[in-house]
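In case you want the letters, here they are:
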Amino acid sequence: MNIRLLAKRNIQGNAQRYLAYFFSIVLSVSIFFIYASFIFHPDVVHANIPGGQLISRGLIAAEIVIIIFSVFFIAYSTAAFIQPRKKEFGLLTLLGMSKSQLRKLIYLEQTMVSLISILVGVGLGFLFSKLFLMAISWLLAVEQPISFVFVPEAFIYTIVGFILLFQLLSLLSLFHIGNAEVVDLLKDKQKPKKTPFVSRWLIALSAVCLSISYYLACTMSVNNSYIRVLPIVFFVLIGTYFLFSQSIVALCRRLYRKKKSLYGGTNLITQTNLIFNIKDYSRLFFLTSIITAVILTAAGTLFMFSADLKKQGMDNIPQSIGWVENDASIYSVIEPSAVEKTLKEDGFKILYEVNMTGLPITHMLPHMRTGEPNENRSLLISESDYNNAAALRKIEPAKLSGKEALYIFPYDGGLDYQFVHKGEQKELHFGNRTIQVTMIGQRNQSIVAPIKAATTLMVVDDQLYHEITANVPLKEMARVRGYEVKDWEESMETSSEIEQMSNNPNHNQLQTRAPIYQEMKQGSILILFIGLFVSLLFFIVQGSMMYLRVFTNLEDKKIQIHALHRLGLTKKEIRQILSAEIRILFFAPFLIGVIHAIVAYVALSNLLGTNLFVYSAMVIATYFLFQLLYYQVTKKMYERAVINSFK
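Residue positions within a chain follow its written sequence, with the count starting from 1. Under the rules for a predicted model, residues below a pLDDT of 70 receive no local features and side-chain atom pairs below 80 are neither given nor counted, while totals for whole chains, interfaces and linings still include all residues. In computing side-chain properties, one takes all heavy atoms of the structure into account and sets aside hydrogens as well as water.

Visitor: Before we go on, may I ask you to explain the overall build of the protein in this structure?
Guide: If you tally the helices and strands in the protein, you get 21 helices and nine strands. Note on definitions: a residue-residue contact is assigned when non-hydrogen atoms from the two residues lie within 4.5 Å. Across the protein, every contact between residues at least 6 apart in sequence was considered, and the portion connecting residues at least 24 apart equals 82%. With residues, only the protein chains shown are counted as cover, and all accessible areas are computed by Shrake-Rupley using a 1.4 Å probe. A total of about 32200 Å² of accessible surface is found on the protein, and carbon and sulfur atoms cover 62% of it. Secondary structure is summarised from DSSP: a helix means a run of H or I of at least four residues, a strand means a run of E of at least two, and numbering begins at the N terminus for each.

Visitor: What exactly am I supposed to notice about the environment of leucine 284 here?
Guide: For leucine 284, the position within the fold is in helix H12 (residues 267–307). Measuring from C-alpha to C-alpha, the distance between leucine 284 and methionine 546 comes to 7.6 Å, with 262 residues separating the pair along the chain. When sequence neighbours within four positions are dropped, the list of residues in contact with leucine 284 reads Tyr76, Met545, Met546, Arg549 and Leu585.

Visitor: In this structure, what is going on with the side chain of threonine 456? I would like to understand it.
Guide: Here threonine 456 lies in the loop between strand E6 (433–444) and strand E7 (457–460). A polar atom in the side chain of threonine 456 sits 2.7 Å from the side chain of serine 378. The term polar contact refers here to a pair of N or O atoms within 3.5 Å; inside protein, the definition further demands a hydrogen-donor-capable atom paired with an acceptor-capable atom, and it admits residues adjacent in sequence only when both atoms are side-chain atoms.

Visitor: Help me understand the pairing of strand E1 (residues 321–325), please; the structure alone is not making it clear to me.
Guide: Across a regular strand the side chains alternate sides, sitting on one face of the sheet and then on the other. Most of E1 is tucked away, with five of its five residues classed as buried. Along E1, one buried face is formed by Ile321, Trp323 and Glu325 and the opposite face, lined by Gly322 and Val324, is buried too. Inspection of the sheet shows E1 paired to strand E8 (residues 478–485) by five bridges, in the antiparallel sense. Opposite glycine 322, over in E8, you have glycine 482 as the bridge partner. Only strands that DSSP links by at least two bridges are regarded as paired with each other. In this structure, E1 lies alongside strand E9 (residues 510–512), joined through three bridges in antiparallel fashion. When accessible area is computed with a 1.4 Å probe and restricted to protein chains, residues below 20% of their type maximum are described as buried, those above 50% as exposed, and intermediate ones as partly exposed.

Visitor: Could you clarify how one ought to interpret the packing of aromatic side chains in this entry?
Guide: Working definition: an aromatic ring pair is given by the centre-to-centre distance plus the angle between the planes. Aromatic rings from Phe, Tyr and Trp, taking only the six-membered ring of Trp, are treated as a pair when their centres fall within 6.5 Å; an angle between ring planes under 30 degrees marks them as stacked, one over 60 as edge-to-face, and anything in between as tilted. Applying the stated criterion to the full structure yields 25 aromatic pairs. Arranged with centres 5.2 Å apart and planes meeting at 35°, the rings of phenylalanine 409 and phenylalanine 419 form a pair that is tilted. You can see phenylalanine 409 sitting in strand E4 (residues 404–409) and its partner phenylalanine 419 sitting in the loop between E4 and strand E5 (425–430), a full ten residues away along the chain. As far as the burial class goes, phenylalanine 409 and phenylalanine 419 line up, both buried. Through pairs of rings, three or more aromatic residues link up here, namely Phe539, Phe586, Phe587, Phe590, Tyr623, Phe624, Phe626, Tyr630 and Tyr631. Consider the ring centre and the ring normal. A charge sits over the ring if Lys NZ or Arg CZ is within 6 Å of that centre and within 35 degrees of that normal. Here the basic side chain of arginine 513 rests over the ring of tryptophan 488, its NZ or CZ set 4.7 Å away from the ring centre.

Visitor: Would you take a moment to explain the nonpolar core for this structure?
Guide: A general tendency of soluble globular proteins is for nonpolar side chains to be buried together. The criterion is simple. A nonpolar core is a set of buried Ala, Val, Leu, Ile, Met, Phe, Trp, Tyr and Cys residues joined through side-chain atoms within 4.5 Å. With 98 residues, the main nonpolar core has Tyr21, Tyr35, Phe38, Phe132, Leu296, Phe586 and Tyr638 as its most contacted residues. Ranked by the residues each element gives to this core, the list is headed by helix H20 (residues 571–608), at 16 residues.

Visitor: Looking at this structure, how should I read unusual backbone geometry?
Guide: One can expect most non-glycine residues to show negative phi and most peptide bonds to be in trans. Even without being glycine, lysine 394 reaches a positive phi, approximately 60°. Judged by its relative accessible area of 81%, lysine 394 falls in the exposed class. Of note in this structure, aspartate 487 is not a glycine but carries a positive phi near 55°. Tracing the backbone shows aspartate 487 in the loop between E8 and helix H17 (492–501). Classification of aspartate 487 by relative accessible area gives partly exposed; the value is 45%.

Visitor: Would you mind showing me how to read the confidence of the model for the protein here?
Guide: Any segment with low pLDDT has predicted coordinates that should not be analysed in fine detail. pLDDT gives the predictor's per-residue confidence on a scale running from 0 to 100. On average, the protein scores 80 in pLDDT, and the residues at 70 or more come to 86%. Of all the helices and strands in the protein, helix H8 (residues 182–186) carries the lowest mean pLDDT, 51, while E7 carries the highest, 94.

Visitor: Could you clarify how one ought to interpret a negative patch on the surface in this entry?
Guide: Judged by side-chain charge, Glu345, Asp346, Glu493 and Glu497 come together as a negatively charged surface patch. Tracing the chain through its elements places aspartate 346 in the loop between helix H14 (336–345) and strand E2 (350–366). Accessibility expressed as a relative area gives 36% for aspartate 346, which makes it partly exposed. The patch calculation keeps residues exceeding 30% relative accessible area without a salt bridge and links them within 9 Å when they carry like charges or within 5 Å when they are nonpolar (Val, Leu, Ile, Met, Phe, Trp, Tyr). Just to be clear on terms, a salt bridge is a Lys or Arg side-chain nitrogen sitting within 4 Å of an Asp or Glu carboxyl oxygen. Here Asp and Glu are counted as negative and Lys and Arg as positive; His is not counted, and neither are the chain ends. Here the site of a charge means NZ on Lys, CZ on Arg, CG on Asp, or CD on Glu.

This is the structure in structure tokens:
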């Protein structure tokens, strides 16, 4: 018997405990390798794939996330593996093993597991990278599928990177166990567990931090989101940590004092185990709840954005085809008859058209961040023209009289910044003339293509508009045209043909919805595709942490259950005890993570200016089903391992 053989047999003896950890690392390595294969693919490096560089940057960000997450997971798992084996290490030390030999034993075990995990992960990644390239080719809609080639950089970065990561974390884990005394190692499990400490001040701190974070998130808007993100994350982390380490402990102690419920069924054993293990569980609960919140928020955000993309396209680009003529007396960008002919020839039905003229004006508006007044340009249009276009888009009409005006900002997206205020007096400048109007407010809605002179609109009463423009020649005014067509999503080729026909060299006077929508859709699907793999990895890892927590104390649980069985507990009651413990591990942090995610969904709904309840419910329900499946598998394995020990 030598140390190398002893390390091998220890791994075999702890195979069940290593199972979830091994699977998680294999998955991490596989995804990292697949992403690296695309990043360093020759066609991507030499920019031979349209959109390849953009995906490459997204995959690099995903690689960084995988590495950071792997560091925390491996460090947590290593500590979890060592803790229940301290008695074993103490016996080996008592039998004559030196501290250096003990360190070598632990180092060899971790190195063997890591090398096997890396090799299996790289092998699976290499096998499935072809499928990944085929999927990316389909999403990018390239003419020729991305070729499957051997990418040496992917092997080097993956293997070397993960070996260095494992070696560093393994060496750091050796210091704690290597400096422990034999007596401490032997008596580690015999130390009595004390009732966890509870502080009312920390409970209050938890409630305050979570309340602040939820308030900041629910009241967040586009113009203050960049300021609030970091404070929200900070308060959520602090509040969640003390929620599990203090508030949940206080709740368990309160339940423990209710003797009537305590003496019912197996509650005495279940609640006693919970209250004395809650300190050990608190860190796990904290980590898994945050991971759950991250998964749900990230996956939900990607899914919601993808699902809501069509609505966003129609909100931000009012007509399928729209353009602005700087000289309203002629059509220099494109003739409307040419647009209508092209649409008709390609089989697209025109639902409605927009044709209005307006007067370019200037006025002062505050800067969104500094508040300093700046000169801005808008297109002055009549109330009737606005209401006609608004009716076509099912928008509430404007009601003006006298010298009243309404400011139209084209983008919504949760923007609550008011450039103008009700009752504010504003001067409108055109040519050498100035007119003063009274603002009735601001609307963040677009009714015509928001480009060039028509980016923002100033709506005034018909009579006032005619008075202002009575002596203005048509060539000094601007004309806005637009066509809404049925099945506009399919008009990619037609839109491209119209763009080529137009006299729009700078591509800033004509706007077509279909190409922009398809580009956004393609990008969102790619991001969703990449995010799906990362979310899956996060889910597997957080489930592995729970699995690891369950099986690290397996031997102690076997002893406890065996003693209870000898005292008369039936197998049915034992299953109830085990199921209750695992259920708490899986669903207590899940519940808190869901609450965090719901608050994030509310913030996202505010930012997008839409109701995302259905999408969020679908994401949470899907995640719950996966969590339930993971729980059932872990419960069956745990019950079998415990109950079979005393058959």
